[in-house]
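Residue-level structure breakdown
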Amino acid sequence: MAVTGAILVLFLLGHMVGNLKAFFGGDAFNHYAEWLRTMGSPAVPYRVLLTVVEIVLVVAVVLHMWSAVSLARRASQARPVKYAAKRKSQANGYATHTMRYGGVIILLFVIWHLLDMTFGTVNPKGFDAAPYDRLVAGFDPSRWWVTLFYVVAMIMVGLHLRHGLWSAFQTLGLASGRSYGKLKAAAALVSLVLVVGFLSVPVGVMIGVIK
């Protein structure tokens, strides 16, 4: 779970940086979108590297979900009989619910996001429009509910990521001694940067900065 999570975090960082190209105008954003498809050209055929990245991401997501289910089952089998006294703990409280239900919300959002921005199925401009045009149309003020869904999903990503990064640091044996506080702060900071970075684009469209 820690390794697949790290792969997804790296993707999110790259994706966020690419999204911010929208603030530099349509040409910059469309050029970035085209570069994704021509990476390695002319040595590598059109879209090959992007396809490889997509396959890696799909495998990482599937393994991440499988790991979550496996760990949940292992925890349940380790303690089949519940404690007599109910205790408020991180394992049974906020963190677990955030990771579990937040993960479901994120998955539903990813499906919608692909249908909207990648395939254009539910986008007002459709598949044939330029990526920048799909982006602006997708977050048009008239589609406020899409932006609201995006905001909720990104907040869930941030909460999921903060707890996930911290858990990964612990799993890999990095969170100990003096590094404890620093790594916990680093997990919160990375999550905050990603959430703000991703949300800045739809907010930019809503207020007319990106148009």
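Residues numbered from 1 in each chain as written. Predicted model: local features only at pLDDT ≥ 70, side-chain atom pairs only at ≥ 80, totals over all residues. Heavy atoms only, no water.

- For the chain, the name recorded in an unreviewed UniProt entry is Succinate dehydrogenase cytochrome b subunit, with Microtetraspora fusca as its organism.
- Quoted verbatim from the Subcellular location (unreviewed entry) heading of the UniProt record, the comment on the chain is "Membrane". (UniProt positions renumbered as here; feature names shortened; annotations may be inferred.)

Regarding the side chain of Ser67
- Within the secondary structure layout, Ser67 lies in helix 3 (residues 48-78).
- We classify Ser67 as buried; its relative accessible area is 11%.
- Within the structure, the side chain of Ser67 is placed 2.8 Å from the backbone oxygen of Leu63, a separation counted as a polar contact. (Helix = DSSP H or I, 4+ residues; strand = E, 2+ residues; numbered from the N terminus. Buried < 20%, exposed > 50% of the residue type's maximum accessible area, 1.4 Å probe, protein only. Polar contact = N/O pair within 3.5 Å; in protein donor to acceptor, adjacent residues only side chain to side chain.)

Let's talk about the UniProt feature "transmembrane region" (unreviewed entry) in the chain
- As recorded in UniProt, the feature "transmembrane region" (unreviewed entry) lies at residues 46-72, 93-115, 144-165 and 186-210.
- Overall, residues 144-165 shows 100% helix and 0% strand. The separation of its end C-alpha atoms is 31 Å.

Re the confidence of the model for the chain
- When pLDDT is averaged along the chain, the result is 88; 91% of the residues meet or exceed 70.
- Here helix 4 (residues 94-118) stands out as the element of the chain with the lowest mean pLDDT, 82, in contrast to helix 5 (residues 131-138), whose mean of 97 is the highest. (pLDDT = per-residue confidence, 0-100.)

Examining the packing of aromatic side chains
- In this structure the tally under the stated criterion is 7 aromatic pairs.
- Look at Phe29 and Tyr32: their rings are 6.4 Å apart centre to centre, the planes differ by 55°, and that puts the pair in the tilted class. Residue Phe29 and its partner Tyr32 are both found in helix 2 (residues 26-38); the two are separated by 3 residues, about one turn of the helix. Neither Phe29 nor Tyr32 differs from the other in exposure class; each is buried.
- Note on Phe109 and Phe149: the rings are 5.7 Å apart at their centroids and 85° apart in plane angle, and the pair reads as edge-to-face. Taken together, the positions of Phe109 in helix 4 and Phe149 in helix 6 (residues 144-171) put the pair 40 residues apart, joining distant regions of the chain.
- By relative accessible area, Phe149 is classed as partly exposed at 28%. (Phe/Tyr/Trp six-rings, centres within 6.5 Å; stacked < 30°, edge-to-face > 60°.)

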